[in-house]
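# Analysis of the macromolecular model
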Amino acid sequence: MRLLRMKPGHGEVLIAEGDVEIAEQERELIEAFRAQLDQGMWAAVPVTSSDGRRQAELVRDFSEVPRDAERVIFFPRAAGGC
Amino acid sequence: MFAALGVCGLVAAVLAAEVAAPRLKPLLERWRLRLAVVPQEDVAAYDPGRERRAEQRARSLLRSCVNEDDWAMYRDLGFLRVWGNGSAGAADGHGVAPYAYLIYPHKPIVAYVPQSSRLLSEYCVDFPDRERPYGSARLPPSDDVLAKWMALTADERRLIGSANLHLAGRQHNPDAVRADIAALARWDRARPQSVEAARSTAS
C-alpha cells in the first residue's frame, strides 16, 4: 500500500509505502496516515464498484481503508472558495 | 527678491501638490499594495518548468484513478462530468440521472440538468494547502480536478456542503458552459459506449 499526497508545485508525493500484512510496516503506515489527517488532509481510496465504475471512498481512519487497497490519496480539505 | 521668489515657488509647489494629490494617491496606494502582497521570494520561487512537471504528474494520477471514458473526456474537452446521486430516484424512467456536475480545473463546479441543458448552480470550492510549498496553496490543475472528482464520487453532500453556492453565471460564462454541454453531447454520441456506461451508473 502506498500513501500519496497531492502537493502544490509538485503533484503527488509518496508519504509512505508498506505491506499491511507486516505488522511493523502497517504500524508505520498508520502513523503516517494519522499524521496526514492531523495536518487537515482528507484521505480518499480509489476503488472500482461492482459494475466496473471507478469512484473514490473518503476514509477517516486507517481501519476504514480496504486491506487490498493499493493506495490512499491525501489532499487538502475542501473549503468554500471564489 | 530671492526670498519673495522662493516663497512664491513654495506656494506654487504646495498648490500643485493639492491639485495632483487626488490623482496621485490611488496610484501610490496601488503601488504600495503591490509591494506588500507579492513577496519577492514568491516571484523568485515560481518555476514554469516545475509547474509543468507537476501538472504532468497530476494528469498521470488522474488518469490512473478515473474510468477510461472519463479520462478521454477530460483529455478531449478539458472537464469531467459526474452524475449526481443525491436524490433517492437518481434515474428517471429513461435511465438518465436528474442532474450532473461539470468539474473544471480551478473553477467552480457547475450543476446542470442533462435533459434540458439547464444550468442549476455553481459550487465554489478550493483545496488550499496551508503549507504553501513553493509559495502557492493551489494544487496543479489536474490534481484540483481529481480532488473534486474523489470528493464528489465519495461524498457528494459533504463536498457540496463545503462549497459556496452561487447562481449559475457568477464565475462561468453561461454561454460557454452551454457550449461545453453541447460539445459533451456530441462527444457522447461519438462514443456510444460511454453513454451506456454513464446510464448504467445512473440507473
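Residues numbered from 1 in each chain as written. Chains lettered and ligands numbered in written order. Predicted model: local features only at pLDDT ≥ 70, side-chain atom pairs only at ≥ 80, totals over all residues. Heavy atoms only, no water.

## A short note on the interface of chain A and chain B
Frequently, the measure chosen for interface size is the accessible area that the parts lose on association. Taken together, the contact between chain A and chain B spans 32 residues of the former and 44 residues of the latter. Taken together, both faces of the contact between chain A and chain B bury some 3,300 Å²; the carbon and sulfur share is 57%. Where chain A meets chain B, there are four salt bridges. A salt bridge links glutamate 131 of chain B to arginine 5 of chain A; its shortest N-O distance comes to 3.6 Å. Counting the contacts that link chain A with chain B gives 13 residue pairs in polar contact (both at pLDDT 80 or more). The set of elements that each furnish at least two residues to the side of chain A that touches chain B consists of strand S1 (2-7), strand S2 (11-17), strand S3 (41-48), strand S4 (54-59), strand S5 (71-76) and strand S6 (79-80) of chain A. When grouped by side-chain class, the residues that make up the side of chain A that touches chain B number 14 nonpolar, eight polar and ten charged. Here S6 of chain A runs beside strand S4 (residues 118-126) of chain B; their pairing, made up of two bridges, is antiparallel. Among the inter-strand pairings, alanine 79 of chain A is bridged to a residue of S4 of chain B, identified as aspartate 126 of chain B. (Contact = heavy atoms within 4.5 Å. Buried area = accessible area lost by both parts, 1.4 Å probe. Salt bridge = Lys/Arg side-chain N within 4 Å of Asp/Glu carboxyl O. Polar contact = N/O pair within 3.5 Å; in protein donor to acceptor, adjacent residues only side chain to side chain. Helix = DSSP H or I, 4+ residues; strand = E, 2+ residues; numbered from the N terminus. Nonpolar A, V, L, I, M, F, W, Y, C, P; charged D, E, K, R; others polar. Pairing = 2+ DSSP bridges.)

## Describing the pairing of S5 of chain A
Residues and elements named next belong to chain A. For S5, a buried count of six out of six residues is recorded, marking the element as mostly surrounded by other parts of the structure. The sheet contact formed by S1 and S5 spans four bridges and is parallel. Residue pairing across strands places leucine 4 opposite isoleucine 73, the latter belonging to S5. (Buried < 20%, exposed > 50% of the residue type's maximum accessible area, 1.4 Å probe, protein only.)

## As for the environment of alanine 168 of chain B
All names here are of chain B. Examined against the element boundaries, alanine 168 turns out to sit in the loop between strand S5 (164-167) and helix H7 (174-190). C-alpha of alanine 168 to C-alpha of leucine 120: the two residues are 48 residues apart in sequence and 6.0 Å apart in space. Here alanine 168 is in contact with Leu119, Leu120, Ser121 and Glu122, once residues within four sequence places are set aside.

## A closer look at the packing of aromatic side chains
Inspection of the entire model under this criterion finds eight aromatic pairs over all chains. Relative to phenylalanine 62 of chain A, the ring of phenylalanine 33 of chain A lies with its centre 5.6 Å away and its plane at 80°, an arrangement referred to as edge-to-face. One end of the pair, phenylalanine 33 of chain A, is in helix H1 (residues 23-38); the other, phenylalanine 62 of chain A, is in the loop between S4 and S5, and 29 residues separate them in sequence. Under the relative-accessibility criterion, phenylalanine 33 of chain A is labelled buried at 1%. Measuring from ring centre to ring centre gives 5.6 Å for phenylalanine 75 of chain A and phenylalanine 127 of chain B, while their planes differ by 70°; the resulting arrangement is edge-to-face. (Phe/Tyr/Trp six-rings, centres within 6.5 Å; stacked < 30°, edge-to-face > 60°.)

## Structural notes on the pattern of salt bridges
Taken as a whole, this structure holds twelve salt bridges over all chains when the rule is applied. Residue aspartate 129 of chain B pairs with arginine 5 of chain A through a salt bridge whose shortest N-O separation is 3.3 Å. Here the residue aspartate 129 of chain B occupies a position in the loop between S4 and helix H5 (141-154), and arginine 5 of chain A occupies one in strand S1, the pair thus bridging two chains. For aspartate 129 of chain B, a relative accessible area of 1% gives the class buried. Glutamate 21 of chain A is the salt-bridge partner of arginine 67 of chain A, the closest N and O atoms lying 3.8 Å from each other.

## Digging into the packing of helix H4 (residues 68-77) of chain B against H7 of chain B
Residues and elements named next belong to chain B. Between H4 and H7, the shortest axis-to-axis distance is 11 Å and the interhelical angle comes to 130°. Relative to H7, the element H4 lies oblique. In the packing of H4 onto H7, the handedness of the crossing is right-handed. Contact residues: H4 offers Asp69, Ala72, Met73, Asp76 and Leu77, while H7 offers Ala183, Leu184 and Trp187. Among the residues forming the contact of H4 with H7, the class breakdown is six nonpolar, no polar and two charged. (Axes fitted to C-alpha atoms, helices over the stretch in contact; angles between N-to-C directions. Parallel < 35°, antiparallel > 145°, perpendicular 65-115°, else oblique. Left-handed = near helix turned anticlockwise from the far one by under 90°.)

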